[in-house]
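Here is how the chains run, residue by residue.
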Amino acid sequence: MKAKTKVNILGFFTVLFWAMAFPFSKIAISHFHINSVAVLRCIIASLFLCLLGICQKITIPKKQDIPKFFISGLFGFFLYLVFFNIGLQSLTSATSSIIIATTPIMTSVVSTFLYNEKIKLLGWISILIEFVGIIVLSLWQGTLSFNFGIVWTLCAAIVFCIYNIYQRKLSSLGYQPNEIVTYSMICGTILLLFFLPKGITELTTASFSQIGVLLLLGIFSSGIAYVLWGKALSIAEKTSDVTNFMFVTPLLSTILGFLFLKEIPSMGTLIGGAMILIGLVLFQLAK
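Let us look at the structure shown here.

Reading guide: rules and limits
Residues numbered from 1 in each chain as written. Predicted model: local features only at pLDDT ≥ 70, side-chain atom pairs only at ≥ 80, totals over all residues. Heavy atoms only, no water. Helix = DSSP H or I, 4+ residues; strand = E, 2+ residues; numbered from the N terminus. Rg over C-alpha atoms; globule rule 2.2 N^0.38 Å. Buried < 20%, exposed > 50% of the residue type's maximum accessible area, 1.4 Å probe, protein only. Areas by Shrake-Rupley, 256 points an atom, 1.4 Å probe, with all protein chains shown as cover. Lys, Arg positive; Asp, Glu negative; His and termini not counted. Charge placed at Lys NZ, Arg CZ, Asp CG, Glu CD. Axes fitted to C-alpha atoms, helices over the stretch in contact; angles between N-to-C directions. Parallel < 35°, antiparallel > 145°, perpendicular 65-115°, else oblique. Left-handed = near helix turned anticlockwise from the far one by under 90°. Contact = heavy atoms within 4.5 Å. Salt bridge = Lys/Arg side-chain N within 4 Å of Asp/Glu carboxyl O. Core = buried A, V, L, I, M, F, W, Y, C linked by side-chain atoms within 4.5 Å. Polar contact = N/O pair within 3.5 Å; in protein donor to acceptor, adjacent residues only side chain to side chain. Expected span 1.5 Å × (residues − 1). Bend = angle between axes of the 7 residues up to and from the residue. Disulfide = S-S within 2.5 Å.

## A word on the overall build of the chain
- Along its length, the chain carries 13 helices and 0 strands.
- Start at the N end of the chain and walk to the C end: the helices and strands fall as α-α-α-α-α-α-α-α-α-α-α-α-α.
- For 287 residues, the compact-globule estimate of 2.2 N^0.38 gives 19 Å, and the chain sits close to it at 18 Å.
- Here the C-alpha coordinates of the chain stretch approximately 50 × 45 × 40 Å along the principal axes.
- Across the 287 residues that make up the chain, the buried fraction comes to 50%.
- Within the structure as shown, the chain displays about 14000 Å² of accessible surface, and the carbon and sulfur contribution to it stands at 73%.
- Separation of charge centres in the chain, based on 18 positive and 8 negative side chains, amounts to 4 Å.

Structure representation (structure tokens):
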């Protein structure tokens, strides 16, 4: 099998598993508290990644680097999942996924200041288009009906942007992508353990289908997806060959939201979402 074909397969299944997180998280928070979903999802993902790490014989992190993994886990999993779940309470799967899809561009913008990575004029225009798209999403129903779920989801995108940037520091220390994800996930889980007692209580009254949703979120959306993403990046000729697949996430999450939750995108979502997706494509072309 050609490398490009492998990248396409790995990239598609990654965004599919990530797209699952939007409707399935909404299903999970219909029974579990948002923080319970976060801690239980991370525990499942940590166990899966640990088992995978043992099979791959990954190296143990150096003692002086452990605080750095806690910082990574704080932004990438603790704050991200808390903000993401709060926002999802008042947003459709489609709207939430469109906002989260702006994370790579946020990462690029921050990189311009930290690493002097230049953004072309078309790139700045695309960012402006996305900003207007987010305003349309926020205020479509009227200026007095601002949806704060969008603010929380934007916060989730921002902290995940910080997580992405911080990966460079961990990579510069010699850690592989699967090692970074595994130890960041474990540290994020430790930080979330404060919410575990309530999660266990809710788990005792959960149905098999609700528990199944948690397993899907933990194993596929938080475990396998990150492993596949890292593998795709490692064999791709260009990073953009992989990141381009993130444009598919909103479409897949919209389809899954309709199939599992009967969500029908509003006109504001269609117009604002289209503007954001156009901005995403233009930004990619500007590279």
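Now that the structure has been shown, the text picks up again.
## Thoughts on the packing of helix H3 (residues 66-88) against helix H8 (residues 177-192)
- For the pair H3 and H8, the least separation of the axes is 7 Å and the interaxial angle reads 70 degrees. On the basis of the axis angle, H3 is roughly perpendicular to H8. Crossing geometry of H3 relative to H8 is assigned as right-handed. On H8, the residues that touch Ile66, Phe69, Phe70, Ser72, Gly73, Leu74, Phe77, Phe78 and Val82 of H3 are Glu179, Ile180, Val181, Tyr183, Ser184, Met185, Cys187, Gly188, Ile190, Leu191 and Leu192.

## Points about the pattern of salt bridges
- Within the structure shown, the criterion is met by 2 salt bridges.
- When the shortest N-O distance is used, the salt bridge between Lys68 and Asp65 registers 3.5 Å.
- Where Glu202 meets Lys198, a salt bridge forms, and the shortest distance between an N and an O atom there is 3.8 Å. Residue Glu202 and its partner Lys198 are located together in helix H9 (residues 196-203), separated by 4 residues, close to a single helical turn.

## What about the nonpolar core?
- If you look at the biggest cluster of nonpolar residues, it comprises 54 residues, and the most contacted ones within it are Val37, Tyr80, Phe84, Ile100, Leu192, Leu214 and Leu217.
- Setting aside residues up to four positions removed in sequence, Leu214 forms contacts with Ala28, Phe32, Val37, Leu40, Ile44 and Leu203.
- Counting residues in hydrophobic clusters, the runner-up holds 13 residues, among them Ile105, Ile119, Ile134 and Ile150.

## Quick word on the side chain of Thr14
- Following the sequence through the fold, Thr14 ends up in helix H1 (residues 3-28).
- Assessed through its relative accessible area of 0%, Thr14 is described here as buried.
- Of note is the side chain of Thr14, whose polar atom sits 3.5 Å from the backbone nitrogen of Trp229.

## Describing H1
- Here H1 contains 26 residues, and its C-alpha end-to-end distance of 37 Å stays within 8% of the 38 Å for a straight helix at 1.5 Å per residue.
- The largest bend in H1 is about 30 degrees, located at Phe22, with the proline Pro23 one to four residues further on.

## Notes on the state of the cysteines
- The full count for this structure, using the stated rule, is 0 disulfides.
- Cys50 provides the cysteine sulfur closest to Cys55, a residue in no disulfide bond, and the two sulfurs are 11 Å apart.
- Counting only cysteine sulfurs, Cys50 is the nearest neighbor of Cys187, a cysteine outside any disulfide, at a range of 10 Å.
- The exposure class of Cys187 is buried, given its relative accessible area of 7%.

## Brief notes about the environment of Tyr183
- Note that Tyr183 resides in helix H8.
- Overall, Tyr183 belongs to the buried group, its relative accessible area being 10%.
- Polar contacts involving the side chain of Tyr183 include one to the main-chain carbonyl oxygen of Thr59, which spans 2.4 Å.

Scope: geometric values only; no functional claims are made or implied.
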